[in-house]
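Chain residues, written in single-letter form:
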Amino acid sequence: MTTLRAFTCDDLFRFNNINLDPLTETYGIPFYLQYLAHWPEYFIVAEAPGGELMGYSATALMLCVFTVMGKAEGSVAREEWHGHVTALSVAPEFRRLGLAAKLMELLEEISEKKGGFFVDLFVRVSNQVAVNMYKQLGYSVYRTVLEYYSASSGEPDEDAYDMRKALSRDTEKKSIIPLPHPVRPEDIE
């Protein structure tokens, strides 16, 4: 039976089977420790019966997103208070079992309890499997962010979709009205 539990510092030494996927964004240990310190309720891991990590998700409740690191900025009065999914990754051998959907559901519930207007995430435009999964979970493309992901080995930078799902606090669904034009990373508030 799969166990969903809080991510711990020890998990940093156990999640390579999840993190070494080419579509998974990886970060340095200080980044993960920052999330554990600031938003522990949003850092969840799925563990297999044998103790193997199956997947994890990390998010932060934020007022306004300036970077994927998730700093608290902005104003509740401007209806920008939201949950931001920084990372969601499931090990290849545990995909298509509904784990990603369950982890997203938990993060959405936490964001609801914290009074968020919406949940958002960034995903590579080329990652159509993830884009389609998020659409099935009720997310829609809010805007395209040009050259959001840095490329390696001389390839061009890649665009991202900023996908959103309105929460119950956003009764008029204003947070998910798509922008008519793409933006650049420096234009993200």
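Okay, so let's go over this structure. (Residues numbered from 1 in each chain as written. Predicted model: local features only at pLDDT ≥ 70, side-chain atom pairs only at ≥ 80, totals over all residues. Heavy atoms only, no water.)

Moving on, we get to the overall build of the protein. Within the protein one finds four helices and seven strands. Going from N to C terminus, the protein has its helices and strands arranged as β-α-α-β-β-β-α-β-α-β-β. Counting only residues that meet the buried cut, the protein has 46% of its 189 residues in that class. Across the protein, the fraction of contacts at a sequence separation of at least 24, relative to all contacts at a separation of at least 6, is 65%. For the protein, the exposed surface amounts to about 9,600 Å²; the carbon and sulfur share of it is 56%. (Helix = DSSP H or I, 4+ residues; strand = E, 2+ residues; numbered from the N terminus. Buried < 20%, exposed > 50% of the residue type's maximum accessible area, 1.4 Å probe, protein only. Contact = heavy atoms within 4.5 Å. Areas by Shrake-Rupley, 256 points an atom, 1.4 Å probe, with all protein chains shown as cover.)

With that settled, the discussion passes to helix 4 (residues 128-136). The α-helix advances 3.6 residues per turn, and as a result positions three or four apart in sequence lie on the same side. Burial in helix 4 covers these residues: Ala130, Val131 and Tyr134. Projection of helix 4 onto a plane perpendicular to its axis shows the buried side chains occupying an angular sector of 100°, all on one side. Opposite the packed face of helix 4, turned more than 90 degrees from it, sit the exposed residues Val129 and Gln136. Glycine 138 occupies a position one or two residues after helix 4 and carries a positive phi of about 100°. (Arc of directions from axis to C-beta.)

Below, the discussion takes up the packing of aromatic side chains. For the coordinates displayed, the defined rule picks out three aromatic pairs. When the centroid spacing of 6.1 Å and the interplanar angle of 70° are considered together, the rings of tyrosine 134 and tyrosine 139 count as edge-to-face. Here tyrosine 148 and tyrosine 149 contribute two aromatic rings whose centre-to-centre distance is 4.9 Å and whose plane-to-plane angle is 85°, an arrangement assigned as edge-to-face. Judged by relative accessible area, which is 8%, tyrosine 149 ranks as buried. Here arginine 124 stacks its cationic end above the ring of tyrosine 149, 4.3 Å away from the centre of that ring. A cation sits over an aromatic face here: arginine 164 above tyrosine 142, 3.6 Å from the ring centre. (Phe/Tyr/Trp six-rings, centres within 6.5 Å; stacked < 30°, edge-to-face > 60°. Lys NZ or Arg CZ within 6 Å of the ring centre and 35° of its normal.)

Moving on: the pattern of salt bridges. Tallied over the entire structure, the rule returns seven salt bridges. Linking glutamate 105 and lysine 102 is a salt bridge whose minimum nitrogen-to-oxygen distance equals 3.6 Å. Here lysine 102 and glutamate 105 lie together in helix 3 (residues 99-113), a separation of three residues that amounts to about one turn. A relative accessible area of 36% places glutamate 105 in the partly exposed class. By relative accessible area, which is 34% here, lysine 102 ends up partly exposed. (Salt bridge = Lys/Arg side-chain N within 4 Å of Asp/Glu carboxyl O.)

Time to look at the nonpolar core. Nonpolar side chains in soluble globular proteins tend to be buried together. One finds Leu121, Val123, Tyr134 and Met163 to be the most contacted residues of the largest nonpolar core, which totals 34 residues. Ranked by the residues each element gives to this core, the list is headed by helix 3, at six residues. Not counting residues within four places of it along the chain, the set of residues in contact with tyrosine 134 comprises Leu88, Met104, Leu121, Val123, Tyr139 and Met163. Formed by seven residues, the second largest nonpolar core is a distinct cluster that contains Phe122, Tyr148, Ala160 and Ile188. (Core = buried A, V, L, I, M, F, W, Y, C linked by side-chain atoms within 4.5 Å.)

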